[in-house]
Amino acid sequence: MLRLLSRALLKGPLTEAAPAADPEGLAELARKLQGAAAARLGRSLAIREVDAGSCNGCELEIHALNNPIYDVERFGIRFVASPRHADVLLVTGPVTHNMAVALERTWRATPGPKWVVATGDCALDGGCFAGSYAVVGGVDKVVPVDLRIKGCPPRPRDILAGLLALLETAEGKR
Amino acid sequence: MPGQARDLRSFLTVAGARLAAAHRPWPRFTVDLAGWRRLAEALAGTETWALLDLWGEPEQVHAALLDEAANAVAVVSLACPDRHFPALSGARPAAVRLERAMRDLFALEADGAADKRAWLDHGKWPVGGEHAKAPYEYLPVEGEGLHVIPVGPVHAGIIEPGYFRFAASGETVVRLEERLGYVHKGIEGLMAGRPIAEAAKLAARVSGDSAVAHSLAFARAVEAALGTEAPARAHYLRALMAELERVANHLGDFGAICNDVSFPLIHAHCGAWRERVLRAADAAFGHRLMMDRVVPGGVARDIDPAAAPGIRALVLDLRHEVPRLASVYEEKASIQDRTVATGVVSPALVRRFAAGGFVGRGAGRAFDARRNAPYPPYDKLAFDVPVLAEGDVDARAWIRLREIEQSLGLIGQVLDALPEGPIALSLPAAAGEGAALVEGFRGEVFAWVRLDAEGRVARARPRDPSWLQWPLLEAAVRDNIVADFPVCNKSFNCSYSGHDL
């Protein structure tokens, strides 16, 4: 283990520079947040991830944000265990009928001001699962959506860029 | 055992089974009600026939069986116009949830089934059955001082949704009951009637971590139905993708197991290595999870020649790194204390459920589809199938490490032997039925498909290995402390989406 630690120390951090905030996301948020209550986020964003029916592909890439290469916590972004601690719900998947109630309850349990980020093509409009008897559709069919991140699944950099846009916009609004 | 026939196919002949037309590569038999009953009896009397899958379609049920002694697969079908069939769950407990799902999806009634509760249908679908509308009845737990801990469906981590109900006596789990189905998307229904290419996209999204394995199983089933084989170069590229997927998932899960026993150092290293594997996959095939790269007929795109040296370098680095991670894992008492003898699932139970992957191979069941039901190019490649007997979290963790090493060897062999030539062939439009078994990182993926004459998917069935592993997690957690559930769960890492479909 000492070898592992000393090599890690000598080689320096693996963490890469951050991507720029997603310009499309910035524009979408600017529209959304007009007239909204001033956010008091500072540079801190607590995220509750909710899989509302995804294939797990999006979860894998969201997970990657926590690895040393993306190290999302350096931006003050962290994933929390309870919606009651969250500023943001990061929602994936086409919302299934079996998850719609759980998603809505999670949203209700999140204190305001709060944002919902629909992540991945399925979360936008149901993706390739749209039209099924078991699927309600995109996330906005169940809870209001503030930001959309495209991709199947979106790359970790794209998710990060979207979240940074949220952070910048929220900061500007304080 | 009736008929005294020990091997599956001669039993079926004795039981009056008739060969159904055009089913490849393994035969499909149709039986009458008496034949199906004899099958249920025979299954109760032998352990060497594994129930791979049990699925339905309107007015028909199918069982896929594996004769483990002869490595022979057969599909057995029963027409049931009255939507009733004799249950197999009395003989094979793995059939319990499969039968419940068949009732939810096709109103097929398993006569004699012990558990008739709804499973995938939570009473929320516009087209759901009446039986699912009543409040769900959890299994009763009786005893002094027991308390119930409900968890889910939204979990604390970044994971898929499902509901776990623990009955605990103090710290000790007396019973875990799972309730799944939350991410049921109706994949079988969506696939029916679609062109093959569209259905293949859905197959890639049955379980995102097994995009390659499910795509490959679907593709091979389609190719079998049409009586074709993908070109040689496609076989090797498919194997390259499948092994990259295996390495990425095993690295991620091994790290997560260590994280769940409060040893984040290995988790951090594994996370970085997993990222390197995904980037290598991205560079080679243009998608980090390699979704939609394996398609019926071959592969959708060739490897970027510039990416091959990067993969070789990664293999070399990982060959050095894996033993280092293993030695840290092995020498830390704080890890060993939590993983050894934790979450034990017995070899007997694993055999009864025919559980595959690291769950099976960590408890003495040596089945690996690449070896036992070989498909190209694995018949030409050298690799070992690591097996351990202990059945605990530690055994499953070691199987993953050993399999990473085997996969690294396979990746090298594939790159060395990659033949020139076309990467795909165009598929004829013809009717037929086919099945396939493919070894994903989690275990064997079974796929079955029926094509119509216009080249559309009439019906498809993707069966994730999780179906046969989820029930064993309930057994593994018993008598462990509640705090060890996360690491037990991670050591299984069953797919919710792959199970819920």
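Here, the structure is the one placed above.
Residues numbered from 1 in each chain as written. Chains lettered and ligands numbered in written order. Predicted model: local features only at pLDDT ≥ 70, side-chain atom pairs only at ≥ 80, totals over all residues.

(A) Focus on the overall build of chain B. Across its full length, chain B holds 17 helices and 16 strands. Relative to the globule expectation of 23 Å for 501 residues, the C-alpha radius of gyration of chain B, 22 Å, shows essentially globular dimensions. Counting only C-alpha atoms, chain B reaches 65 × 60 × 50 Å along its principal axes. The buried share of chain B, reckoned over its 501 residues, is 56%. The long-range share in chain B, meaning contacts at least 24 apart out of those at least 6 apart in sequence, stands at 68%. (Helix = DSSP H or I, 4+ residues; strand = E, 2+ residues; numbered from the N terminus. Rg over C-alpha atoms; globule rule 2.2 N^0.38 Å. Buried ≥ 20, exposed ≤ 12 C-beta atoms within 10 Å, placed from the backbone. Contact = placed C-beta atoms within 7 Å.)

(B) The packing of helix H14 (residues 393-417) of chain B against helix H16 (residues 485-492) of chain B, seen in detail. All names here are of chain B. Axis separation between H14 and H16 bottoms out at 9 Å; the angle between their running directions is 35°. The chirality of how H14 crosses H16 is left-handed. Note on element contacts: H16 touches H14 through Val487, Cys488 and Ser491, opposite Val393, Arg396 and Ala397. Split into classes, the residues belonging to the contact of H14 with H16 amount to 4 nonpolar, 1 polar and 1 charged. (Axes fitted to C-alpha atoms, helices over the stretch in contact; angles between N-to-C directions. Left-handed = near helix turned anticlockwise from the far one by under 90°. Nonpolar A, V, L, I, M, F, W, Y, C, P; charged D, E, K, R; others polar.)

(C) Focus on the pairing of strand E6 (residues 72-79) of chain B. Residue and element names in this part refer to chain B. Relative to E6, strand E3 (residues 28-31) is paired through 4 bridges, and the arrangement is parallel. Within the sheet, the bridge partner assigned to Thr30 lies in E6 and is Ser77. Taking the residues between adjacent antiparallel strands as the criterion, strand E5 (residues 60-67) and E6 are bridged by 4 residues, where Asn71 takes a positive phi near 50°. (Pairing = 2+ DSSP bridges.)

(D) Region of interest: the interface of chain A and chain B. Across the boundary between the two partners, chain A contributes 39 residues, which contact 41 residues of chain B. Elements represented by at least two residues in the side of chain A that touches chain B include exactly helix H1 (2-11), strand E1 (45-51), helix H3 (57-64) and helix H4 (97-109) of chain A. If one sorts the elements of the side of chain A that touches chain B by residue count, H3 of chain A sits on top with 6 residues. A class-by-class count of the residues in the side of chain A that touches chain B yields 22 nonpolar, 12 polar and 5 charged.

(E) Looking closely at the sheet that holds strand E3 (residues 88-92) of chain A. Residues and elements named next belong to chain A. The 5 strands lie next to each other as E2-E1-E3-E5-E7, forming an open sheet whose pairing is parallel. A strand with exactly one partner marks an edge of an open sheet, and here the two such strands are strand E2 (77-79) and strand E7 (147-149). The sheet shows a mean angle of 25° between the axes of neighbouring strands, direction not considered. Against the sheet, H3 touches E1, E3 and strand E5 (115-119), its axis set at about 140° to E3.

(F) The sheet that holds strand E15 (residues 444-451) of chain B, seen in detail. Residue and element names in this part refer to chain B. Strand order in the open sheet formed by 4 strands is E2-E14-E15-E16, and the pairing between neighbours is mixed. This sheet does not close on itself; its edge strands, each paired only once, are strand E2 (23-24) and strand E16 (457-463). As judged from the 2 bridges shared by E2 and strand E14 (residues 432-439), these two strands associate in the parallel manner. Each residue of the ladder has a partner; that of Arg24, found in E14, is Gly434.

(G) Quick peek at the pairing of E3 of chain A. All names here are of chain A. Within E3, 5 of the 5 residues are buried, which leaves the element mostly enclosed by the surrounding structure. Burial along E3 is two-sided: Val88, Leu90 and Thr92 facing one way and Leu89 and Val91 facing the other are all buried. Both E1 and E3 contribute to a ladder of 5 bridges, which runs parallel. Bridge pairing links Asp51 to Thr92 in E3. Alignment of E3 against E5, held across 5 bridges, turns out to be parallel.

(H) Spotlight on helix H5 (residues 196-204) of chain B. Considered for burial, the residues of H5 of chain B that qualify are Ile196, Ala199, Ala200, Leu202, Ala203 and Ala204 of chain B. Against helix H4 (187-191), helix H6 (211-226), strand E12 (294-295) and E16 of chain B lie the buried residues of H5 of chain B.

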